[in-house]
Amino acid sequence: MQIHLSDITDSEGKHIQLQLDLDLDKISFQMGDYPILEKTPIELDITNTGKVLEMKGTGAVVVGIPCDRCLEQVAVKIPYEIDQKLDMKKSDAERVQDLDENDYLTGMDLDVDRLVYLEVLMSWPLKVL
C-alpha cells in the first residue's frame, strides 16, 4: 500500500490518522519464506511538525514459523510499533549519503507494506517452540 505524502508536507501542523489493510502475504528473507496467517489493520498517525514528519503506528501479524524442535508450523503473533521521523527535505541521494536506509520512502511516496515488513523483521523471535 502506497501513501502519497505531499498533502501533509504542504501544511505545518497537519495531522492525519489512517487505518490501513496490509497487502503483505508472506515474510521473505534469507532464512526462507514465512506465510502471514492473520494481519490486523495498521493504525498510523502522521504529523507534520514543520521540520519532519512524525509517524507513529501499531499493528500485529500472525506468521507461520516452523518450530525449532519438531518443524511443525506454529502461529506466532508478532506485534509491532512504528515510531519514525522522516525529513522530507532530504533527497533520496542525501538519505543514502547519511546512511538513512529507510527504503520505504521514495520521493513523496510511503510504502506502508515495506515499513511494516522491516518492523516485523526487527521483532522476529529468536526461537519458536
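Everything below is about the structure shown above.
Below, the structure is looked at part by part. (Residues numbered from 1 in each chain as written. Predicted model: local features only at pLDDT ≥ 70, side-chain atom pairs only at ≥ 80, totals over all residues. Heavy atoms only, no water.)

In terms of helices and strands, the protein carries three helices and nine strands. In the protein, which comprises 129 residues, the proportion classed as buried is 34%. A fraction of 59% describes how many contacts in the protein between residues 6 or more apart in sequence connect residues 24 or more apart. (Helix = DSSP H or I, 4+ residues; strand = E, 2+ residues; numbered from the N terminus. Buried < 20%, exposed > 50% of the residue type's maximum accessible area, 1.4 Å probe, protein only. Contact = heavy atoms within 4.5 Å.)

Working definition: two side chains of opposite charge can pair if their charged atoms are close together. Under the counting rule described, the total for this entry stands at four salt bridges. One salt bridge in this structure joins E54 and K85, with 4.0 Å as the shortest N-O distance. You can see E54 sitting in strand β6 (residues 53–66) and its partner K85 sitting in strand β7 (residues 73–86), a full 31 residues away along the chain. (Salt bridge = Lys/Arg side-chain N within 4 Å of Asp/Glu carboxyl O.)

Spatially, β1-β9-β8 is the arrangement adopted by the three strands of the open sheet, whose pairing is antiparallel. Both edges of this open sheet fall to β1 (2–4) and β8 (105–106), since each of them pairs with a single strand only. Pairing of β1 with strand β9 (residues 109–111), which is carried by three bridges, proceeds in the antiparallel orientation. Its bridge partner lying in β9, I3 is registered against L110. Contacts from helix α3 (residues 112–122) reach β1 and β9, with the element oriented near 45° to β9. (Pairing = 2+ DSSP bridges. Axes fitted to C-alpha atoms, helices over the stretch in contact; angles between N-to-C directions.)

What follows is about the packing of aromatic side chains. Under the definition given, this model contains three aromatic pairs. Each ring, one from F29 and one from W124, has its centre 5.2 Å from the other, and the planes form 80°; the classification is edge-to-face. Placement of the pair is F29 in strand β3 (residues 26–29) and W124 in the segment after α3, with a sequence separation of 95 residues. Classification of F29 as partly exposed rests on a relative accessible area of 24%. Feature note: the residues F29, Y34 and W124 constitute an aromatic cluster, connected by ring pairs. (Phe/Tyr/Trp six-rings, centres within 6.5 Å; stacked < 30°, edge-to-face > 60°.)

Right, let's talk about the environment of E54 for a bit. When its relative accessible area of 26% is taken as the criterion, E54 is described as partly exposed. Sequence spacing of E54 and D87 is 33 residues, and the spatial spacing of their C-alpha atoms is 9.0 Å. The contact partners of E54, leaving out residues within four places of it in the chain, are D45, I46, T47, T49, Q84 and K85.

Purely geometric stuff here, so don't read any function into it on its own.
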